[in-house]
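Working through the structure, step by step
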Amino acid sequence: MPDNKTKEIDIMELLQLFWKKRVFVVLLALLSAAATFIFVYYSTPLYKSRGVLYISNKNFPTSSEGKISTSDINASQSLVTSYLEVLKTNDFLLKVTAELNSEPNNHYTPAQIRSMISMSTVNETELLYVQAISPDPYVSYEVVSAVLKFAPDTLVYVFDSGRAKIIDTPKISKDPINNNIFRKTVIGFFVGACLGCVIIFLLHFFDQKIHKSSDLVKRYELSVLGEIRR
């Protein structure tokens, strides 16, 4: 008698099991959707504002046709990485906080500003993407505006070979970025349904009990002569 205790996965049997346990799957999906809806509904809305700087080499040579060579573009792109680090320093953020704190009731610190802003290159080009996220759309706008205000002069002061120019000014956002209730509720529903299917699959896969005679045939390759009904 072969000692075959490996449980094979029968797709049709698994689908039938999912259908049999469909009430459990639906209930878990609805529970997940309800939890997602409540979480999103009561979560603090966050607003994003962004601006874009163009980075270039101030004294780059051009060809006789007036075109910028590949080496010129590479030089500008290499400056972007260095610019990013400069704009993250405490000295620069102190300038930003001083500008923001000139308004009444503002008491920001460099650490708070650093937690709001993020900067990155746009598709490895000479463009520097600056954005701020906060619960107040006006604060996000003011933070990005302050960064863009001081960035060009600061970068020119630090790097004599480069320059920065604002090509996209920030706007005050009207819509929060984390409040798409319908979309997130639908995602929560499908996540719950998938979780229910995974639970059913794991319980079925690790179930070593013999539930019917066909299980003996599949698992142990035994012939069944008869069954005694309970």
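From a predicted model like this one, the values you see are computed outputs, not experimental measurements.

**Here we look at the overall build of the protein**
Per the secondary structure count, the protein includes eight helices and four strands. Counting only residues that meet the buried cut, the protein has 30% of its 230 residues in that class. Long-range pairs, those at least 24 residues apart, make up 74% of the contacts in the protein between residues at least 6 apart in sequence. In the form shown here, the protein has an accessible surface area of approximately 15,400 Å², with 60% of it arising from carbon and sulfur atoms.

**Considerations on the pattern of salt bridges**
Summed over all chains, the structure comprises one salt bridge. Here Lys149 and Glu99 are joined by a salt bridge, their closest N and O atoms 3.1 Å apart. Of the two residues, Lys149 is situated in helix α6 (residues 137-158) and Glu99 in helix α4 (residues 90-100); the sequence distance between them amounts to 50 residues. Given the relative accessible area of 46%, Lys149 is considered partly exposed. A relative accessible area of 29% means that Glu99 is categorised as partly exposed.

**Some remarks on the packing of aromatic side chains**
Two aromatic rings are characterised by how far apart their centres lie and by the angle between their planes. On inspection of all chains with the given rule, the structure shows four aromatic pairs. On the numbers, 5.9 Å between centres and 15° between planes, the contact of Phe37 with Tyr41 is stacked. Separated by four residues within a single helix, Phe37 and Tyr41 lie in helix α2 (residues 22-42), roughly one turn from each other. For the pair Phe189 and Phe190, a centre-to-centre distance of 5.7 Å together with 90° between the ring planes defines the contact as edge-to-face.

**Section: α6**
Along an α-helix, residues three or four apart share an orientation, since each turn contains 3.6 residues. Between its first and last C-alpha atoms α6 spans 31 Å; for 22 residues at 1.5 Å apiece the expected length is 32 Å, and the two agree. By the largest-angle criterion, Ala151 marks the main kink of α6, which is about 35°, and a proline, Pro152, follows within four residues. Listing the buried residues of α6 in full gives Val139, Ser140, Val143, Val144, Ala146, Val147, Leu148, Ala151, Pro152, Thr154 and Leu155. Here α6 starts with a cap whose side-chain oxygen sits 2.9 Å from the backbone nitrogen of Tyr138, and that cap is Asp136.

**Focus on a nonpolar patch on the surface**
A grouping of Val23, Val26, Leu27, Leu30, Phe182, Val186, Phe189 and Phe190 is seen on the molecular surface, where their side chains present a nonpolar patch of about 780 Å² in accessible area. At the level of elements, α2 and α7 (181-205) are the ones that each hand at least two residues to the nonpolar patch. Looking at the secondary structure, you find Phe190 in helix α7.

**Structural notes on the nonpolar core**
Counting residues in each nonpolar core, the largest one holds 29 residues, and the members touching the most others are Ile113, Ile117, Leu128 and Val143. Of all the elements in the fold, those that place two or more residues in this core are β1 (47-57), α3 (70-86), α4, α5 (110-116), β2 (117-121), β3 (127-134) and α6. Counting residues per element, this core draws most heavily on α6, at eight residues. Leave out the neighbours within four places in its chain, and Leu128 touches Gly51, Val52, Leu53, Ile55, Val80, Leu84, Leu87, Met119 and Ser120.

**Topic: the environment of Phe24**
Here Phe24 is to be found in helix α2. In the structure, Phe24 is positioned 172 residues away from Gly196 in sequence and 7.0 Å away in space, judged by C-alpha atoms. Those residues in contact with Phe24 that sit more than four places away from it in its chain are Gly196, Ile199 and Ile200.

**Topic: α2**
Taking 1.5 Å as the rise per residue, α2 with 21 residues should run 30 Å; its terminal C-alpha atoms sit 30 Å apart, in good agreement. Where α2 is concerned, the buried positions are Val25, Leu28, Ala29, Ser32, Ala33, Thr36 and Val40. Along the long axis of α2, the arc covered by the buried residues comes to 135°, so they all point the same way. Opposite its buried face, α2 presents the exposed residues Val23, Leu27, Leu31, Tyr41 and Tyr42, each directed more than 90 degrees away. Residues of α2 that are buried sit in contact with α7.

Quick notes on the rules
- Residues numbered from 1 in each chain as written.
- Predicted model: local features only at pLDDT ≥ 70, side-chain atom pairs only at ≥ 80, totals over all residues.
- Heavy atoms only, no water.
- Helix = DSSP H or I, 4+ residues; strand = E, 2+ residues; numbered from the N terminus.
- Buried < 20%, exposed > 50% of the residue type's maximum accessible area, 1.4 Å probe, protein only.
- Contact = heavy atoms within 4.5 Å.
- Areas by Shrake-Rupley, 256 points an atom, 1.4 Å probe, with all protein chains shown as cover.
- Salt bridge = Lys/Arg side-chain N within 4 Å of Asp/Glu carboxyl O.
- Phe/Tyr/Trp six-rings, centres within 6.5 Å; stacked < 30°, edge-to-face > 60°.
- Expected span 1.5 Å × (residues − 1).
- Bend = angle between axes of the 7 residues up to and from the residue.
- Polar contact = N/O pair within 3.5 Å; in protein donor to acceptor, adjacent residues only side chain to side chain.
- Patch = residues over 30% accessible without salt bridge, like charges linked within 9 Å, V, L, I, M, F, W, Y side chains within 5 Å.
- Core = buried A, V, L, I, M, F, W, Y, C linked by side-chain atoms within 4.5 Å.
- Arc of directions from axis to C-beta.

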